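Analysis of the macromolecular model
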Amino acid sequence: MARVSTQPAEEQPLVRAGKRLTGSVRARGPKRETLVHFWREHGLALLAYLLVSLVVTWPLARDFSTLLLSDGGDARNNLWAFWHLHLWARGDDPLLYTSLLYYPYGISLWLHGVGPVIGLFALPFWRFGPEAAYNGALLVGLVLTGYFTYRLTRGLHFARDVALFTGTLLMTSAMVLAGLWGHPEKVFLGALPLTALALHHALDPKRRVGWTAATGLALLVTLLTSGYQFVFAVLMVGFFGVAIGLATPPAERRTVLARAAIVGTSALLFVGPALYAIYRATRDPHLLLTAREQAALPSLHPDLLQFFLPAGHSALFGSVDAQVSGRYTDITYGIETAVALPWVGIFLCLFAVLRKAGQARRWFGFTLFCILFALGPSLKVLGQTRFMDSALSLPLPFQSLTALPGLDFMRAPGRFMQIGFIGFAVTASYGLAALARRFPRYRQGLIAGALVLVLLQSWPRAWPQEALPTPPVFYEELAQDGERYGVFDIPVKQKEGMGYEWELVTTSLLFQTYQMTHEKGIAAGFISRGYGGYPEPFPFMLRRETNVASGLLVNGSSPSPYADAQRQLAGKGYRYVVWHRELFPGSAGQATAQQFVQGAFGGQASVWEDERSAVYEVTESAVSAPPVTTLALGDNWLSTSTPYRAPSPATLTLESPREQRALLRLMPGVLHDPQSPLAPGLGTRGVLTVQVGESFSTSLEVEAYKVAAVPLLLPEGNHPISLTLQAGNFRASDYGGEDALEWSFELYWLDLQTLEDGVFPVDIWVNGSPQGLDSTVTAFYGSGWYTSEGTMRWSGSPSELVVYSDTEREAQVMLLPTLIYAPNAENSLGSQGELLVSANSSAPQRVTLQGSQPTTASVTLQPGWNTVMLSLEAGAFQPTGDDVRILSFAVSRVEILTR
């Protein structure tokens with residue numbers, strides 16, 4: 001009589017061609033498997049999972065090459081990553097770095113959420129277009145998720161029909177299907193079951209030691225699939241390593257420990273270089289890496305209730321989720337909280353645990369382990385995270401995990417169910433196998449029924465789709481030249497300005513979509529771990545369009561902040577500016593784009609134009625164009641039209657082509673003065689500190705509505721100029737007023753006078769001639785002076801001349817006066833007066849001003865900047881009418897004599 005095995009069928013060693021695959025005899029399959037066996041073991045499962053995939057992803061198959069399966073979120077982002085891998089396969093770009101974003105600086109792709117493995121799935125479909133490539137990657141990833149789970153289950157000695165159920169349960173789980181909204185790394189979980197299979201075989205003394213190397217290789221594949229999945233895989237290896245070690249008989253424990261050590265060494269050899277490359281990528285100081293603030297958002301944390309509700313995308317039961325969760329606040333179903341466990345799976349898991357089926361309790365424990373992390377930093381039940389009269393919260397391990405070095409990127413705890421669903425599916429399979437053994441006559445019906453119940457609950461509604469935007473025709477022409485250069489797309493965002501912020505990042509995703517046509521570099525980019533600001537910003541992108549206002553001047557004029565844009569673009573290898581006129585119609589961003597075109601290109605004609613866009617070429621002459629000094633409002637300004645109002649410190653953005661001398665002239669309005677009786681917290685006098693970059697700082701006394709001047713040493717490059725009032729900031733409400741806004745001072749106008757462009761006051765001469773760039777002595781009008789009126793310039797009293805000398809020297813200041821304040825004369829104007837002159841706080845000397853006659857005073861100039869004070873003994877007067885100036889004397893010319 002034949003011997004009947006008492007071992008459960010699903011845990012018996014597999015038999016192939018009459019030979020045991022496990023047991024005391026080393027597994028040896030036949031040298032050549034028959035086609036029939038291959039079909040039964042592999043082909044049938046792949047076909048079944050393909051059919052399931054086509055159905056649950058509908059309408060993907062219908063619009064395979066025309067529409068993306070996407071909710072309009074991250075699908076384009078990940079499509080770009082697939083396209084970059086396509087470039088690498090063609091030999092046109094490195095594998096995990098690109099200069100095509102943030103051109104020409106570039107950015108590492110080691111930190112992108114979707115690794116190159118999934119991009120490989122898209123490669124065969126690129127010939128049919130980007131939509132087909134993306135949809136094809138989803139389809140292949142979903143099929144392989146089911147198939148590799150099937151291989152794991154077969155490796156755990158389950159029969160084919162139960163293994164088919166396991167793969168189907170995982171590939172239709174809530175987290176996997178929710179990934180179809182735009183997260184392909186959730187659709188493909190295949191590397192995780194492969195890692196689990198390799199680990200179990202590696203720690204089995206009856207298996208070949210080569211499985212230890214396979215475990216390291218599987219971990220590398222997991223890392224190159226998703227950083228999240230790699231963390232999950234490491235935790236899984238640790239969990240099962242400990243569990244298997246504890247369950248191993250003492251006689252075999254040393255062998256298992258040795259195998260575990262080899263697994264660790266193998267993992268280090270395979271994964272170590274990649275982890276080092278990731279570490280190096282994180283050292284870029286421009287990267288924005290942390291996600292802890294986002295991790296604190298309640299909308300990213302699953303509620304305990306959501307594990308037992310049907311998935312929100314379920315066609316039959318999704319309304320149940322909406323009705324139940326809608327009763328409670330802070331319960332949100334979405335791509336990060338898709339953690340619903342199928343009811344039939346829950347039943348099968350409980351049945352397996354109660355029946356103590358095989359290793360069900362180990363896998364069930366792993367499932368609970370993952371659920372514990374998936375719940376987030378603290379327990380949330382029915383929308384509440386605090387209990388016992390809102391005084392108590394229950395912290396969970398996720399918070400401690402993300403506090404570890406290198407793991408603060410993990411912002412979505414629900415993603416732990418990517419690995420948790422694998423444990424759940426395997427545990428449920430133990431229950432299904434036990435149920436089939438309990439009722440062997442109904443085996444096929446039980447397995448088929450379980451499949452039907454899983455599919456009924458998980459069956460999704462039709463998925464949303466997205467059409468890729470049609471790129472400008474001009475981009476198709478650019479694709480033909482094969483060169484690598486930059487294309488600058490505008491508007492960069494819907495809001496005013498070109499500064500770096502989240503809206504610019506999201507808008508650049510549209511330009512990345514266009515980039516797949518022209519294949520040139522663009523100025524920004526949207527990847528999972530991008531920059532917190534431009535790594536090498538164009539100076540014009542740090543400015544505000546409102547700086548065009550006449551109150552902010554350089555050398556007496558208010559040029560466009562984009563006047564130097566062509567030279568800056570050309571210097572970084574940009575060849576074209578493309579103005580997308582159909583984007584954000586009527587928005588502030590479109591107004592910015594128009595200002596940019598006018599300021600950068602003036603009357604230059606476009607090289608290509610249609611109703612959607614206009615293209616301007618960055619000319620070669622722009623590279624050699626002389627750089628100019630530019631100034632713009634920076635941070636902390638509360639108003640962007642005169643009078644500018646700001647708290648301290650407020651900054652200006654300076655771009656200086658070289659280290660140079662300059663004079664900053666400004667007229668403040670009212671200032672914070674705690675002691676002033678004029679208004680709550682406001683006065684007319686104060687001390688203003690001016691700091692340029694990190695190296696130069698000086699202070700000056702200022703008075704409201706009077707011109708003040710301070711000499712500066714401007715360093716080369718882009719630097720902030722900060723203005724800080726010594727009295728600090730105030731709120732009128734603190735002094736009994738009504739305004740609660742904090743501020744410090746007002747500024748009516750500011751003029752930065754520099755030497756770089758040869759811009760000198762035409763009515764200040766040196767040694768008988770107008771000033772030049774080669775002058776060893778230069779002079780500017782300081783505080784107290786007014787704008788030239790053609791033949792003369794008025795001064796208040798006191799007033800300043802600011803004189804630069806390269807060495808110490810004796811000099812004379814010569815004035816050619818025209819009008820002089822005389823209190824007793826008719827109209828208060830006379831032809832003579834006494835003037836006090838001092839240099840650098842020296843004792844003043846008295847000289848007589850005589851109308852139309854040169855008047856000289858001797859001064860000693862120190863090396864560097866010198867301040868020459870001029871004060872008329874008679875004082876000053878205010879003209880009648882609307883003229884609010886305070887006038888003392890007028891001159892037709894000032895001259896500095898050094899010989």
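Residues numbered from 1 in each chain as written. Predicted model: local features only at pLDDT ≥ 70, side-chain atom pairs only at ≥ 80, totals over all residues. Heavy atoms only, no water.

A look at the overall build of the chain
Summing up its helical and strand segments, the chain has 23 helices and 35 strands in all. Computed over C-alpha atoms, the radius of gyration of the chain comes to 38 Å, more than 25% over the 29 Å expected from 2.2 N^0.38 for 899 residues, which places it beyond the range of a compact globule. With the principal axes as the frame, the chain shows a C-alpha extent of 140 × 65 × 50 Å. By the burial criterion, 55% of the 899 residues in the chain qualify as buried. Counting only contacts in the chain whose residues sit at least 6 apart along the sequence, the fraction spanning at least 24 positions is 74%. When the accessible area of the chain is evaluated, it comes to approximately 38500 Å², of which 57% is carbon and sulfur surface. Positive and negative side-chain charges of the chain, numbering 65 and 70 respectively, have mean locations separated by a distance of 23 Å. (Helix = DSSP H or I, 4+ residues; strand = E, 2+ residues; numbered from the N terminus. Rg over C-alpha atoms; globule rule 2.2 N^0.38 Å. Buried < 20%, exposed > 50% of the residue type's maximum accessible area, 1.4 Å probe, protein only. Contact = heavy atoms within 4.5 Å. Areas by Shrake-Rupley, 256 points an atom, 1.4 Å probe, with all protein chains shown as cover. Lys, Arg positive; Asp, Glu negative; His and termini not counted. Charge placed at Lys NZ, Arg CZ, Asp CG, Glu CD.)

Some thoughts on the nonpolar core
The biggest cluster of nonpolar side chains holds 176 residues, and the ones touching the most others in it are Phe488, Ile490, Phe540 and Phe596. In terms of residue count, helix H17 (residues 417–438) provides more of this core than any other element does, 13 residues in total. Setting aside its immediate chain neighbours within four residues, Ile490 contacts Met498, Val577, Val578, Trp579, His580, Ala593, Phe596 and Val597. If you look at the next biggest cluster of nonpolar residues, it comprises 34 residues, including Val813, Val859, Val868 and Phe889. (Core = buried A, V, L, I, M, F, W, Y, C linked by side-chain atoms within 4.5 Å.)

Regarding the packing of aromatic side chains
Given two aromatic rings, one states the distance between the centres and the angle between the planes to describe the pair. Tallied over the entire structure, the rule returns 50 aromatic pairs. Centroid distance Phe398 to Phe416: 6.3 Å. Interplanar angle 85 degrees. Geometry classified as edge-to-face. Remark: Phe416 occurs in the loop between helix H16 (397–402) and H17 and Phe398 occurs in helix H16; sequence separation between them is 18 residues. Of the residues examined, Phe398 reaches a relative accessible area of 1% and is grouped as buried. Residue Phe416 is classed as buried on the basis of its relative accessible area of 2%. Aromatic pair Phe538 and Tyr574: ring centres 5.4 Å apart, planes at 75 degrees, arrangement edge-to-face. Remark: Tyr574 occurs in strand E9 (residues 574–580) and Phe538 occurs in the loop between helix H20 (502–518) and strand E8 (552–554); sequence separation between them is 36 residues. The pair formed by Phe538 and Tyr574 is uniform in burial state, with each residue classed as buried. (Phe/Tyr/Trp six-rings, centres within 6.5 Å; stacked < 30°, edge-to-face > 60°.)

Points about helix H5 (residues 160–171)
The periodicity of an α-helix, 3.6 residues per turn, causes residues three or four positions apart to be oriented the same way. The end-to-end C-alpha distance of H5 is 16 Å, a good match for the 16 Å that 12 residues give at a rise of 1.5 Å each. Of all 12 residues in H5, 10 are buried; the element is thus mostly enclosed. Of the residues making up H5, those classed as buried are Asp161, Val162, Ala163, Phe165, Thr166, Gly167, Thr168, Leu169, Leu170 and Met171. Structurally, H5 contributes buried residues whose contacts are with helix H1 (35–56), helix H4 (130–155), helix H6 (174–178), helix H14 (343–355), H17 and helix H18 (443–458). (Expected span 1.5 Å × (residues − 1).)

Structural notes on the packing of H1 against H4
Following both chains from N to C, one finds H1 and H4 inclined at 140 degrees, their axes separated by 9 Å at the closest point. With respect to H4, the element H1 is oriented oblique. Crossing angle aside, the handedness with which H1 passes H4 is right-handed. In this structure, H1 uses Arg40, Glu41, His42, Ala45, Leu46, Tyr49, Leu50, Ser53, Leu54 and Val56 to contact H4, whose residues at the interface are Leu139, Leu142, Val143, Gly146, Tyr147, Tyr150, Arg151 and Arg154. (Axes fitted to C-alpha atoms, helices over the stretch in contact; angles between N-to-C directions. Parallel < 35°, antiparallel > 145°, perpendicular 65-115°, else oblique. Left-handed = near helix turned anticlockwise from the far one by under 90°.)

Quick notes on the pairing of strand E35 (residues 889–897)
Among the 9 residues of E35, 7 are classified as buried, and the element is accordingly described as predominantly covered. With 3 bridges joining them, strand E24 (residues 764–766) and E35 adopt parallel strand pairing. Considered in E35, the bridge of Trp765 is made with Glu895. Examined bridge by bridge, strand E27 (residues 793–795) and E35 share 3 bridges and lie antiparallel to one another. Looking across to E35, one finds that Trp794 is bridged to Ala890. Judged from the 8 bridges that link them, strand E29 (residues 809–821) and E35 form a sheet pairing that is antiparallel. Each bridged residue has a counterpart across the sheet, and for Leu819 the counterpart in E35 is Ala890. (Pairing = 2+ DSSP bridges.)

A short note on the pattern of salt bridges
Per the stated rule, a full pass over the model turns up 29 salt bridges. The residue Arg160 makes a salt bridge to Glu41 at a minimum N-O spacing of 2.9 Å. Here Glu41 lies in helix H1 and Arg160 lies in helix H5, a separation of 119 residues in the sequence. Taking the shortest distance from any N to any O, the salt bridge between Arg645 and Glu746 comes out at 2.6 Å. Here Glu746 lies in strand E23 (residues 745–754) and Arg645 lies in strand E13 (residues 644–646), a separation of 101 residues in the sequence. A relative accessible area of 8% means that Glu746 is categorised as buried. (Salt bridge = Lys/Arg side-chain N within 4 Å of Asp/Glu carboxyl O.)

Considering a nonpolar patch on the surface
Nonpolar side chains collect at one region of the surface, where Trp39, Leu44, Leu47, Leu50 and Leu51 lie side by side and expose about 440 Å² of accessible area between them. Structurally, Leu51 is set in helix H1. (Patch = residues over 30% accessible without salt bridge, like charges linked within 9 Å, V, L, I, M, F, W, Y side chains within 5 Å.)

Digging into unusual backbone geometry
The omega torsion across Trp58 and Pro59 is 15 degrees, close enough to zero to call that bond cis. Checked against the element boundaries, Pro59 lands in the loop between H1 and strand E3 (68–69). For the bond running from Ser797 to Pro798, omega is 5 degrees, close enough to zero to count as cis. Inspection of the secondary structure puts Pro798 in the loop between E27 and strand E28 (799–805). Unusually for a residue other than glycine, Glu519 sits at a positive phi of about 60 degrees.

Quick look at the sheet that holds strand E17 (residues 685–692)
Read from one edge to the other, the open sheet built from 5 strands follows the order E12-E14-E20-E17-E18, with strand pairing classed as antiparallel. Two strands in the sheet have a free side with no partner beyond their single neighbour: strand E12 (630–633) and strand E18 (696–703). In this sheet, neighbouring strand axes are inclined to one another by 20 degrees on average, regardless of whether the strands run parallel or antiparallel. Two elements, E17 and strand E20 (residues 717–725), share 5 bridges in a ladder whose sense is antiparallel. Counterpart to Leu688 in the pairing with E20 is Leu725.

With respect to the side chain of Thr149
Tracing the backbone shows Thr149 in helix H4. Residue contacts for Thr149: discarding those within four places in its chain leaves Thr166, Gly167, Leu170 and Pro193.

With respect to the confidence of the model for the chain
Any residue range with low pLDDT should be treated as having predicted coordinates unsuitable for detailed reading. Residues at a pLDDT of 70 or more form 93% of the chain, whose mean pLDDT is 87. Throughout residues 1–9 the model reports pLDDT below 50, and contacts reaching past four residues in sequence, or to other chains, amount to 6 contacts. Low pLDDT, under 50, characterises residues 11–28; the predicted model gives this stretch 33 contacts beyond four residues in sequence or across chains. (pLDDT = per-residue confidence, 0-100.)

Describing the packing of H14 against H18
For the pair H14 and H18, interaxial distance at closest approach is 8 Å and the crossing angle is 135 degrees. Between H14 and H18, the angle falls in the class oblique. On H18, the residues that touch Trp343, Val344 and Leu348 of H14 are Ala450, Leu453, Val454 and Gln457. Of the residues assigned to the contact of H14 with H18, the class counts are 6 nonpolar, 1 polar and no charged. (Nonpolar A, V, L, I, M, F, W, Y, C, P; charged D, E, K, R; others polar.)

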